[in-house]
Amino acid sequence: MGRKQAGSLAGLVPHCRESGQWKGKSFISGGRKPLRDALYMPALVAMRFNPDLRAKYTALRAAGKPAKVALVALMRKLIETANALVKADRFWVANRACA
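Predicted model only: the values in this text are computed from it and were never measured.

**As for the overall build of the protein chain**
Scanning the protein chain for helices and strands turns up 4 helices and 2 strands. Shown N-terminal to C-terminal, the secondary structure of the protein chain runs as helices and strands in the order α-β-β-α-α-α. Across its three principal directions, the C-alpha atoms of the protein chain cover 50 × 30 × 20 Å. Looking at the 99 residues of the protein chain, the share that counts as buried comes to 22%. As displayed, the protein chain has an accessible area near 7300 Å², and 60% of this comes from carbon and sulfur atoms. With 19 positive and 5 negative side-chain charges, the protein chain shows a spacing of 5 Å between the two charge centroids.

See below:
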């Protein structure tokens with residue numbers, strides 16, 4: 001499946017709440033809540049120990065995003081990475097140039 005479909009299946013795609021002239025905040029909803037719950041702790045660990053995802057998190061925080069919004073972005077990045085690995089039928093390998 002595509003990256004947007006994978007994010008939507010996990011319920012990590014923001015949905016706008018708008019009606020006519022009224023514009024509200026976007027919230028994540030739908031999808032599979034157990035999957036979303038299961039991605040929370042790996043996203044926290046990745047935020048602390050994965051250099052690439054830590055850089056993404058700090059960039060989002062520096063841009064003024066709230067901590068939870070940045071963490072949900074990491075959760076979506078994890079599910080998209082896992083989907084890409086399954087699609088390519090390969091395992092994740094750490095970037096040895098950074099280590």
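Moving on, there is more to tell.
**Considerations on the packing of helix 2 (residues 33–49) against helix 4 (residues 67–88)**
One can describe the packing of helix 2 onto helix 4 by two numbers: an axis separation of 8 Å at closest approach and a directional angle of 105 degrees. Between helix 2 and helix 4, the angle is such that the two are roughly perpendicular. Touching L35, R36, L39, Y40, P42, A43, L44 and M47 of helix 2 are K68, L71, L74, M75, L78 and I79, all from helix 4. For the contact of helix 2 with helix 4, the class distribution of residues is 12 nonpolar, no polar and 2 charged.

Cut-offs used in this document
Each chain carries its own residue numbering, running from 1 in the written order of its sequence. The predicted origin of the model limits local features to residues at a pLDDT of at least 70 and limits the giving and counting of side-chain atom pairs to 80 or more, whereas totals for whole chains, interfaces and linings rest on all residues. By convention in this description, side-chain values take in all heavy atoms of the structure and omit both hydrogens and water. Numbering of helices and strands starts at the N terminus; helices are DSSP runs of H or I of at least 4 residues and strands are runs of E of at least 2. Note on classification: 1.4 Å probe, protein chains only; a residue is buried when its accessible area is under 20% of the maximum for its type, exposed when over 50%, partly exposed between these limits. Areas reported here follow the Shrake-Rupley algorithm with a probe of radius 1.4 Å; residue values treat only the protein chains shown as occluding. Note on charges: Lys and Arg go in the positive column, Asp and Glu in the negative column, and His and the chain ends are not counted at all. One atom stands in for each charge, and that atom is NZ of Lys, CZ of Arg, CG of Asp or CD of Glu. Angles here are taken between N-to-C directions and fall from 0 to 180 degrees, while the axes themselves are lines fitted to C-alpha atoms, restricted in helices to the stretch in contact. Relative orientations are named as follows: roughly parallel for angles under 35 degrees, roughly antiparallel for angles over 145 degrees, roughly perpendicular for angles from 65 to 115 degrees, and oblique for any other angle. When checking whether two residues touch, look at their non-hydrogen atoms; a contact exists if any pair is within 4.5 Å. Note that Gly is not counted as nonpolar here; it falls among the polar residues with everything else outside the nonpolar set of Ala, Val, Leu, Ile, Met, Phe, Trp, Tyr, Cys and Pro and the charged set of Asp, Glu, Lys and Arg.

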